[in-house]
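Structure assessment
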Amino acid sequence: MSSEIRRGFFSALPLMIGFIPLAMILGAQCSQIGISSLGSYLMTALNFAGGSEFAAIGLWAAVPPFLLIAFTTFCINSRHIVMGAALAPYIRQESTLRIMLIYFLMCDETWSLSMQDIQRRAQENRNPFSFGYYLGVGLSLWSMWSISTFCGSLVGRILGDLSQWGFAMALPATFIGLSISLRPRKDLLLYIPVACSFILSGACSVFWDPKYAVACGAFGGLFCAYLVQIYKEKHGLVTAETHNTETAASTATQNTADASADPNTANAAAPANTANVANVADTTASVATAKP
């Protein structure tokens, strides 16, 4: 477990560095609207979702603030529904407390690194999900985000809004990198929901209200992915691996249980096709992360 936690920490290290300027901007903005440094820390420590926190700060003076903030942050965080659905098949074997911790620590970056690790482990015929690796990634990013927000609140009381120093570029750079790393590599038809999500999100930002851009991109891309899947099934483009995705996760779970019962099977392989579980869902979710 400890080696997997360390592996997760070092995987998350580049993103942790990128978290520092972004979280400090958030903390500085909190200080500008009268939120204490402790309040800034608690906001980010209890709600690990940076995009919704920036939105909440921007809407703090709105009337009535509570309902508007709740609705807006729900729309922004709606992408987590898709992300959680893509991750769910791999964590069925985990205990209830572990699952609660997994979803508490789930953000765009944690999800992205974990899905990449799941695909690599599946190709190596290993149990796809590593709780230790996920914990190392999640706790590293969570602690860096909340601590940096606290520090940003302290600095913001002296220097004012830190966004004038150009730190905000860390946000689009992070999400562009995550989206590219999760792009479809074999199934070119999956670029159709990617394009749909991109177009709908951009059109919503330009012609309607940017606050709803993430929700439009997520749900539009998901619906388009559903249509693509129907098209592939109708024209016989679905491979045998895709037909087996519903049973792949349960197979991995059974392999884990067998390994626990019999040491001789500790290296039993979860079939490589587990990397395809929720293939459409995780592709759509990776596009939804392109906006904070």
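What you see is a predicted model; the values in this text were computed from it and never measured.

All right, on to the overall build of the protein chain then. Within the protein chain, the secondary structure is distributed over 14 helices and 0 strands. Counting only residues that meet the buried cut, the protein chain has 48% of its 292 residues in that class. In the protein chain, 80% of the contacts between residues at least 6 apart in sequence involve partners at least 24 apart. Within the structure as shown, the protein chain displays about 14200 Å² of accessible surface, and the carbon and sulfur contribution to it stands at 68%.

The next point concerns helix α11 (residues 213-234). The α-helix advances 3.6 residues per turn, and as a result positions three or four apart in sequence lie on the same side. Under the 1.5 Å per step criterion, the end-to-end length of α11 is 31 Å for 22 residues, consistent within 8% with the ideal 32 Å. Inspection of α11 places Ala 213, Val 214, Ala 215, Gly 217, Ala 218, Gly 220, Gly 221, Cys 224, Ala 225, Val 228, Gln 229 and Lys 232 among the buried residues, and these make up the whole buried set. Gly 236 sits one or two residues past α11 and shows a positive phi near 70°.

Once that is clear, we can look at the nonpolar core. Leu 141 and Trp 145 are the most contacted members of the largest nonpolar core, which has 18 residues in total. Residue assignment for this core shows that the elements contributing at least two residues are α1 (2-32) and α8 (131-159). With 8 residues, α1 is the largest single contributor of residues to this core. Ignoring any residue separated from it by four or fewer positions in sequence, one finds Trp 145 in contact with Phe 19, Leu 22, Ala 23, Leu 26, Thr 44, Phe 48, Gly 50, Glu 53 and Phe 54. Membership of the second largest hydrophobic core comes to 15 residues, among which are Ala 86, Leu 105, Met 115 and Phe 131.

This part takes up the packing of α1 against helix α2 (residues 37-46). In the contact formed by α1 and α2, the axes pass within 9 Å of each other and the chain directions differ by 130°. Taken together, α1 and α2 sit at an angle that is classed as oblique. The interaxial crossing formed by α1 with α2 has right-handed handedness. Side by side, α1 and α2 meet where Leu 26, Gly 27 and Cys 30 of the first sit next to Ser 40, Met 43 and Thr 44 of the second.

Right, let's get into the packing of aromatic side chains. Considering all chains together, one arrives at 5 aromatic pairs under this definition. Ring geometry for Phe 9 versus Phe 10: centroids 5.3 Å apart, planes at 75°, classification edge-to-face. Between Phe 129 and Tyr 134, the aromatic rings sit 5.7 Å apart at their centres with planes inclined by 50°, giving tilted as the arrangement. Residue Phe 129 is classed as buried on the basis of its relative accessible area of 5%. Here Tyr 134 falls in the buried class, since its relative accessible area comes to 1%.

A surface patch of nonpolar side chains, amounting to about 380 Å² of accessible area, comprises Phe 9, Phe 10, Leu 13 and Ile 17. With respect to the element layout, Ile 17 can be found in helix α1. Accessibility expressed as a relative area gives 53% for Ile 17, which makes it exposed.

Glancing now at the pattern of salt bridges. Scanning the model with the defined rule gives 6 salt bridges in all. Here Glu 4 and Arg 121 are joined by a salt bridge, their closest N and O atoms 3.6 Å apart. One end of the pair, Glu 4, is in helix α1; the other, Arg 121, is in helix α7 (residues 108-123), with 117 residues separating them in the sequence. According to the relative accessible area criterion, Glu 4 is buried, its value standing at 17%. Residue Arg 121 is classed as buried on the basis of its relative accessible area, which comes to 9%. A salt bridge links Glu 124 to Arg 126; the shortest N-O distance between them is 2.9 Å. Exposure remark for Arg 126: the relative accessible area of 35% places this residue in the partly exposed category. Among the ionic contacts, a cluster of salt bridges with common partners joins Glu 4, Arg 7, Asp 117, Arg 120 and Arg 121.

How each quantity is defined
- Residues numbered from 1 in each chain as written.
- Predicted model: local features only at pLDDT ≥ 70, side-chain atom pairs only at ≥ 80, totals over all residues.
- Heavy atoms only, no water.
- Helix = DSSP H or I, 4+ residues; strand = E, 2+ residues; numbered from the N terminus.
- Buried < 20%, exposed > 50% of the residue type's maximum accessible area, 1.4 Å probe, protein only.
- Contact = heavy atoms within 4.5 Å.
- Areas by Shrake-Rupley, 256 points an atom, 1.4 Å probe, with all protein chains shown as cover.
- Expected span 1.5 Å × (residues − 1).
- Core = buried A, V, L, I, M, F, W, Y, C linked by side-chain atoms within 4.5 Å.
- Axes fitted to C-alpha atoms, helices over the stretch in contact; angles between N-to-C directions.
- Parallel < 35°, antiparallel > 145°, perpendicular 65-115°, else oblique.
- Left-handed = near helix turned anticlockwise from the far one by under 90°.
- Phe/Tyr/Trp six-rings, centres within 6.5 Å; stacked < 30°, edge-to-face > 60°.
- Patch = residues over 30% accessible without salt bridge, like charges linked within 9 Å, V, L, I, M, F, W, Y side chains within 5 Å.
- Salt bridge = Lys/Arg side-chain N within 4 Å of Asp/Glu carboxyl O.

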